[in-house]
Amino acid sequence: MTPGGNRGWLLRLVVAFGFAQAAVSMARPAVSYRALALGADERAVGVIAGVYALLPLFAAVPLGRRTDHGRCAPLLPTGVVLISAGCALSGVAGSLGAMALWSGVTGLGHLCFVIGAQSLVARRSAPHEQDRNFGHFTIGASLGQLAGPVAAGALIGADMARTSAVALLAAGAGGAVALTSLWRVEEAGAVKPRASRGDRVPVRGILRARGVPAGMLISVAVLSATDVLTAYLPVVGEHRGIDPAVVGLLLSLRAAATIACRLVLTPLLRLLGRRALLTVTCLLAALLCAAVALPLAVPALALVLAALGFCLGVGQPLSMTTVVQAAPPSARSTALALRLTGNRLGQVAAPATAGLIAGVAGVAAPFVMLGALLLASAGVAVRTPPGPAPDGQAAGTAPAGSPPEAPGKCTAPR
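Now for a quick tour of the structure. Just so it is clear, the structure is predicted and the values come from calculations on it, not from any experiment. (Residues numbered from 1 in each chain as written. Predicted model: local features only at pLDDT ≥ 70, side-chain atom pairs only at ≥ 80, totals over all residues. Heavy atoms only, no water.)

**Observations concerning the overall build of the protein**
Link 1 in the chain: In terms of regular secondary structure, the protein is built from 15 helices and zero strands.
Link 2 in the chain: A burial count over the protein gives 53% of its 414 residues as buried.
Link 3 in the chain: Considering only contacts in the protein between residues 6 or more positions apart, those separated by 24 or more positions represent 86%.
Link 4 in the chain: For the protein, the accessible area works out to roughly 16800 Å², and carbon and sulfur atoms hold 69% of it. (Helix = DSSP H or I, 4+ residues; strand = E, 2+ residues; numbered from the N terminus. Buried < 20%, exposed > 50% of the residue type's maximum accessible area, 1.4 Å probe, protein only. Contact = heavy atoms within 4.5 Å. Areas by Shrake-Rupley, 256 points an atom, 1.4 Å probe, with all protein chains shown as cover.)

Okay, here's the thing in structure tokens:
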């Protein structure tokens, strides 16, 4: 099958991603509660959470290289098994060192799954379908991020040691359900002989491709805004006297707005085009992030967060397409892995920086910082390559008459 055509594989991939992401989103707060029950202080909890993001950094580029010259599908069940094992073993761990280890395993599993899945979407989508398909693919992540924390909150109670362990075991079992949806997501025979080292595009060459750095910055800015919002809105709520249950509803509203955005991404792209849509939504998100720092009433804050969630829903899928179409054809999985590496670094640096700023300038100050970061991403979005032409030819591809090459394709001719 050529890129395009039947999209049953994409639906199965979205379902699998939803279960895998829900397991991770459920496990991360449960790991913190479990660590506290084992006697961890705030610093130890931060270290355990950091291992989740830092350990997989060393594997990202090698996994991307492997996927560029092989199949994507094997990474998916591997990632699910690692996620489920990391969650379940965190639930039975009896020391903080073991908690950190299994947190890293969970992060590695998530990285494996995401690299394989994103590469698969790039490989099986025609150029004019990539924005839409990446948008639909990320709905799975949004659903998981919406369901996971709610499930963790429902299970974790006063007996923190026991209930957090139950939540982690449940997360492991729920993540394993993703295996049931991974059949026939990749075409049979989609394998190309591995390239020699001399044929590999160096990382520096990938990063110099026009559009790759911009796509990475936009992705980091959007992900940092989401992470810091999740971490610091409860703190803002505490200072303003907003009930924790209301804060939870506000965060769920933000996640639901992100899902809604991705459902209507295709008509938005037809109306504005990728470059304009990225620029406008990053600019609006910058203003809305800064607005969170204002002493708004709860109804007004709800409207701001709904609009912010909608704007933030654009950045991740379109930054994937930007990176895929800008990278050299033989290194697109590696480029996606570099994008994920930037995301993980942002997940470590953004909350730490936000904490320092909050300690000096108050709990609302991190949102001003995020506004500045998103404003910078809007500036680079203006200079990103345009989207594919209406006939499906990607910007920057060879003119008519040149031998065609499918985007991200690393398979032998069929």
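**Points about the state of the cysteines**
Link 1 in the chain: Overall, the coordinates contain zero disulfides when judged by the stated rule.
Link 2 in the chain: Cysteine Cys261 shares no disulfide, and the gap to the nearest cysteine sulfur, in Cys311, comes to 7.7 Å.
Link 3 in the chain: Look at Cys261 and you get buried, because its relative accessible area is 0%. (Disulfide = S-S within 2.5 Å.)

**What about the packing of helix 6 (residues 130–155) against helix 13 (residues 298–326)?**
Working note: a packed helix pair is described by the angle between its axes plus the distance between those axes.
Link 1 in the chain: The interhelical angle for the contact between helix 6 and helix 13, taken along N-to-C directions, is 135 degrees, at an axis separation of 8 Å. As summarised for this structure, helix 6 and helix 13 are arranged oblique, according to the angle between their axes. Judged by the twist between their axes, the crossing of helix 6 over helix 13 is right-handed. Contacts between helix 6 and helix 13 involve Gln130, Asp131, Phe134, Gly135, Phe137 and Thr138 on the former and, on the latter, Pro317, Leu318, Met320, Thr321, Val324 and Gln325.
Link 2 in the chain: Considering only residue class, the contact of helix 6 with helix 13 consists of six nonpolar, five polar and one charged. (Axes fitted to C-alpha atoms, helices over the stretch in contact; angles between N-to-C directions. Parallel < 35°, antiparallel > 145°, perpendicular 65-115°, else oblique. Left-handed = near helix turned anticlockwise from the far one by under 90°. Nonpolar A, V, L, I, M, F, W, Y, C, P; charged D, E, K, R; others polar.)

**Considerations on the packing of aromatic side chains**
Link 1 in the chain: Summed over the entire model, instances satisfying the criterion amount to two aromatic pairs.
Link 2 in the chain: Centre to centre, the rings of Phe17 and Phe113 are 5.7 Å apart; their planes meet at 25 degrees, and the pair counts as stacked. With Phe17 in helix 1 (residues 8–37) and Phe113 in helix 5 (residues 96–124), the pair connects residues that are 96 residues apart, well separated along the chain. Per residue, the accessibility class of Phe17 equals that of Phe113, and both read buried.
Link 3 in the chain: Centroid distance Phe17 to Phe137: 4.7 Å. Interplanar angle 10 degrees. Geometry classified as stacked. Of this pair, Phe17 sits in helix 1 while Phe137 sits in helix 6, and the two are 120 residues apart along the sequence. For the pair formed by Phe17 and Phe137, the shared burial category is buried. (Phe/Tyr/Trp six-rings, centres within 6.5 Å; stacked < 30°, edge-to-face > 60°.)

**Concerning the environment of Pro202**
Link 1 in the chain: As for its position among the elements, Pro202 is in the loop between helix 7 (160–176) and helix 8 (203–208).
Link 2 in the chain: The sequence separation of Pro202 and Ala331 amounts to 129 residues, and the corresponding C-alpha distance is 8.9 Å.

**Some remarks on helix 13**
Link 1 in the chain: Helix length check: helix 13 (29 residues) gives 42 Å between terminal C-alpha atoms against 42 Å at 1.5 Å per residue, within 8%.
Link 2 in the chain: Burial analysis of helix 13 places 22 of its 29 residues in the buried class, which makes it a mostly covered element. (Expected span 1.5 Å × (residues − 1).)

**Focus: the nonpolar core**
Link 1 in the chain: Grouped together as the largest cluster of nonpolar side chains are 45 residues, with contacts concentrated most on Leu305, Leu308 and Leu374.
Link 2 in the chain: When residues of this core are traced back to their parent elements, those giving at least two are helix 9 (212–240), helix 10 (244–263), helix 11 (265–272), helix 12 (274–292), helix 13, helix 14 (332–361) and helix 15 (365–381).
Link 3 in the chain: Top contributing element to this core by residue count: helix 9, with ten residues.
Link 4 in the chain: Aside from chain neighbours lying at most four places away, what touches Leu374 is Ala221, Val222, Ala225, Cys282, Ala285, Ala286, Cys289 and Leu312.
Link 5 in the chain: Formed by 33 residues, the second largest nonpolar core is a distinct cluster that contains Val14, Leu63, Cys112 and Ala337. (Core = buried A, V, L, I, M, F, W, Y, C linked by side-chain atoms within 4.5 Å.)

**Examining the side chain of Asn343**
Link 1 in the chain: With respect to the helices and strands, Asn343 occurs in helix 14.
Link 2 in the chain: Side chain to side chain, Asn343 and Ser219 meet in a polar contact 2.7 Å long.
Link 3 in the chain: The contacts of Asn343, once residues within four sequence positions are left out, are Ser219, Val220, Leu223 and Gln316. (Polar contact = N/O pair within 3.5 Å; in protein donor to acceptor, adjacent residues only side chain to side chain.)

**Observations concerning the pattern of salt bridges**
Link 1 in the chain: All chains considered together, the criterion is met by two salt bridges.
Link 2 in the chain: Between Arg132 and Glu129 there is a salt bridge whose closest N-O contact spans 3.4 Å.
Link 3 in the chain: The shortest N-O distance in the salt bridge between Arg162 and Asp159 comes to 3.4 Å. (Salt bridge = Lys/Arg side-chain N within 4 Å of Asp/Glu carboxyl O.)

**Structural notes on the side chain of Ser333**
Link 1 in the chain: One can find Ser333 in helix 14.
Link 2 in the chain: Within the local environment of Ser333, its side chain forms a polar contact with the side chain of Ser119, the two groups lying 2.9 Å apart.
Link 3 in the chain: Those residues in contact with Ser333 that lie beyond four places of it in its chain are Gly64, Thr67, Asp68, Ser119 and Arg123.

**Quick word on the environment of Ala302**
Link 1 in the chain: Mapped onto the elements of the fold, Ala302 is located in helix 13.
Link 2 in the chain: Measuring from C-alpha to C-alpha, the distance between Ala302 and Arg254 comes to 8.4 Å, with 48 residues separating the pair along the chain.
Link 3 in the chain: Once you skip the residues sitting within four places of it in the chain, Ala302 turns out to touch Leu250 and Leu253.

**Some words on the packing of helix 11 against helix 12**
Link 1 in the chain: Two elements in contact, helix 11 and helix 12, have axes separated by 7 Å at closest approach and are oriented at 105 degrees. Between helix 11 and helix 12, the angle falls in the class roughly perpendicular. Facing helix 11, whose interface residues are Leu265, Leu268, Leu269 and Leu272, helix 12 presents Arg274, Ala276 and Leu277.
Link 2 in the chain: Class assignment of the residues belonging to the contact of helix 11 with helix 12 gives a composition of six nonpolar, no polar and one charged.

**What about the environment of Glu129?**
Link 1 in the chain: With respect to the element layout, Glu129 can be found in the loop between helix 5 and helix 6.
Link 2 in the chain: Take Glu129: its relative accessible area is 11%, and that puts it in the buried class.

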